[in-house]
Each structure stands twice: as C-alpha cells, then as structure tokens.
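A look at the structure
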Amino acid sequence: MKQIPVAVQMFTLREEAEKDFAGTLKKVAEIGYDGVEFAGFGGYSAQEVKALLDDIGLRAAGSHVPLDQLKNDLDQVIQDHKVIGSKFISVPFLMPDQRSEADYQALVTFLNEAVEKCQQEGITLCYHNHDFELERLSNGKTALETIFDETKTATELDIYWLTKAGENPVDWINRYKGRTPIVHLKDMTTDEERFFAELGTGGVDLEAVLNLGEESGVEWWVVEQDVSRRTPFESIEISINYLNNKLNR
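What you see is a predicted model, and the numbers here were worked out from it, not measured in a lab. (Residues numbered from 1 in each chain as written. Predicted model: local features only at pLDDT ≥ 70, side-chain atom pairs only at ≥ 80, totals over all residues. Heavy atoms only, no water.)

Attention now moves to the side chain of E156. Topologically, E156 is positioned in strand β6 (residues 154-158). At 9.4 Å, K186 is the nearest oppositely charged side chain to E156, a buried residue that forms no salt bridge. Of note is the side chain of E156, whose polar atom sits 3.4 Å from the side chain of H184. Each residue touching E156, except ones within four places of it in the same chain, is listed here: E37, H64, S90, C126, Y127, H128, N129, I182 and H184. (Helix = DSSP H or I, 4+ residues; strand = E, 2+ residues; numbered from the N terminus. Buried < 20%, exposed > 50% of the residue type's maximum accessible area, 1.4 Å probe, protein only. Lys, Arg positive; Asp, Glu negative; His and termini not counted. Salt bridge = Lys/Arg side-chain N within 4 Å of Asp/Glu carboxyl O. Polar contact = N/O pair within 3.5 Å; in protein donor to acceptor, adjacent residues only side chain to side chain. Contact = heavy atoms within 4.5 Å.)

Next up, the structure:
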C-alpha cells in the first residue's frame, strides 16, 4: 500500500503559531507529522518559510489562501507557493455575504480562470468545503456539486463537514476520484452537540475514508481540528497516533 503522508492544518494551531511560528512548526515535526498545510506564513517571507521547513524537516502540503487574496494577488500567491515547494493552494472558506446563488456563479467564473493560471505554473487549485455548500441551488445541485462540476478545481473534501451535513464522505471521494489530492480528516462526537473530536474518538467512519486513499489519488491526509477541548498539541498528537496505528506508519 502506498504510504500517504500526513500534515496538520495550521489553523488548528493558530494561537500557538501567533506566539511562536517557528517553534510551533518544530513541535509539529516532533509529534510526528510529515508536513503542514499553511493558513498564512506568520509574518515570514516565503523564502524564510522554506528555510524553516528545510531546517525542521517538514514539507509544505498546501496552503489555505482567502478568496479575496486569490482574486487580488494570485500571481504572487503562486510564486510564494512555488518557493515553499507547495503544489496545492486551497480556497478555504466563503464569508456569509459570499454565498448567494449569484456569488457561486461568480466564483465558478473566477475559479475557471484561476485554475488555468495555476496549472500553467504547476500548481493545483483546490476548494475546501464546509456544510453550507450542501444547500441546493436553483439548478437542483448543491453549491458544492456546482463548484466541482462546472470547474476543474480539485476537491479538498472535509469529512467532518460533509458528515454534519448528512452526506457520506465516501460517496463524495468516489464521485470525484482522481480529483481528491487532499482530504481533511476530522472526527465528530456522537452526542447531540456533534462537536469536533480527535481522530478515533468520535463516530465518523474514518477507516472507510482511509481505505480509499490510494485508489482515489490522495496525496496528503490533513488533520484539522477547528476547536479542541484539549490543548491543540494534545489534540493533534492523539490524531497522529490514531493514524500511525491505522496506516501502519
């Protein structure tokens, strides 16, 4: 079985990174992760980030870049990610005022232009979902289906948000097989709150997702926990220990 590397999304460690960006990266490596998916560079230049990664022994799995930044400065974003050695850039989130049907159609237009520009530079543009994109549009499709079916954007499926919206992540991975280079792994508590949970401690069928990795062309598993009731470092350590066991790492 192909060994798919595991990264952590730095949004999970946002408070730690704000206090000590370099030290947080070092701790991620010590816990046993192969890479990180960035959510900003902590005030460092792309060259400085690359030097940090090389020194620590981590790889850049990708990066979440706000939609407005992609619209206003895509060329620079692409160059920065080439410097840090990242092949993947993801649209991470749409603000509430960016979710009308007209907004989604405008997004499709932009993504089609941006995908082409990224591809010319050897970069893959992805879209990371939450649950609100599972609302249906007037075309009968969900907003998420519309984004993926009307563009060549790669998926960055978040299995927690799909599950919370009543969807089966396995169905989505299979539907877009070959377009799933990054999958966000999250678990969910089994109580009514359905809160974010460390991998292996909740009710999401993680094994079914992990079993699809190789055949679906997954290049990175990314651990993200939006909020934790433990310290974030404790949280990501529980999750990587689960994955080390399940993936025989």
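For any two aromatic rings, the description comes down to two numbers: the centre-to-centre distance and the angle of the planes. Taken as a whole, this structure holds eleven aromatic pairs when the rule is applied. Plain terms: the ring middles of F93 and F132 are 5.8 Å apart, the flat faces sit at 85° to each other, and that makes the pair edge-to-face. Taken together, the residues span a long stretch of sequence, with F93 in the loop between β4 (88-91) and α5 (101-120) and F132 in the loop between β5 (124-128) and α6 (143-149) at a distance of 39 residues. On the basis of relative accessibility, which here comes to 34%, the residue F93 falls in the partly exposed class. Classification of F132 as buried rests on a relative accessible area of 10%. When the centroid spacing of 5.6 Å and the interplanar angle of 65° are considered together, the rings of F195 and F196 count as edge-to-face. Here F195 matches F196 in class, with each residue buried. (Phe/Tyr/Trp six-rings, centres within 6.5 Å; stacked < 30°, edge-to-face > 60°.)

A few words now on the UniProt feature "domain: Xylose isomerase-like TIM barrel" (unreviewed entry) in the protein chain. The UniProt record annotates "domain: Xylose isomerase-like TIM barrel" (unreviewed entry) at residues 25-243. For residues 25-243, the end-to-end C-alpha separation is 19 Å, with 44% helix and 16% strand making up the annotated structure. (UniProt positions renumbered as here; feature names shortened; annotations may be inferred.)

Glancing now at the pattern of salt bridges. Counted under the stated rule, the structure contains 15 salt bridges. Across the pair R249 and D34 runs a salt bridge whose closest N-O atoms are separated by 2.8 Å. With R249 in the segment after α11 (232-246) and D34 in the loop between α2 (21-31) and β2 (35-38), this residue pair connects regions lying 215 residues apart in the sequence. In this structure D34 comes out as partly exposed when scored by relative accessible area, which is 24%. Of the charged contacts in the structure, one is a salt bridge between E121 and K82, with a shortest N-O distance of 2.6 Å. Here E121 is found in the loop between α5 and β5, whereas its partner K82 is found in helix α4 (residues 67-84), with 39 residues between them in sequence. A relative accessible area of 32% means that E121 is categorised as partly exposed. Put simply, D158, K186, E224 and D226 are held in one network by salt bridges that share partners.

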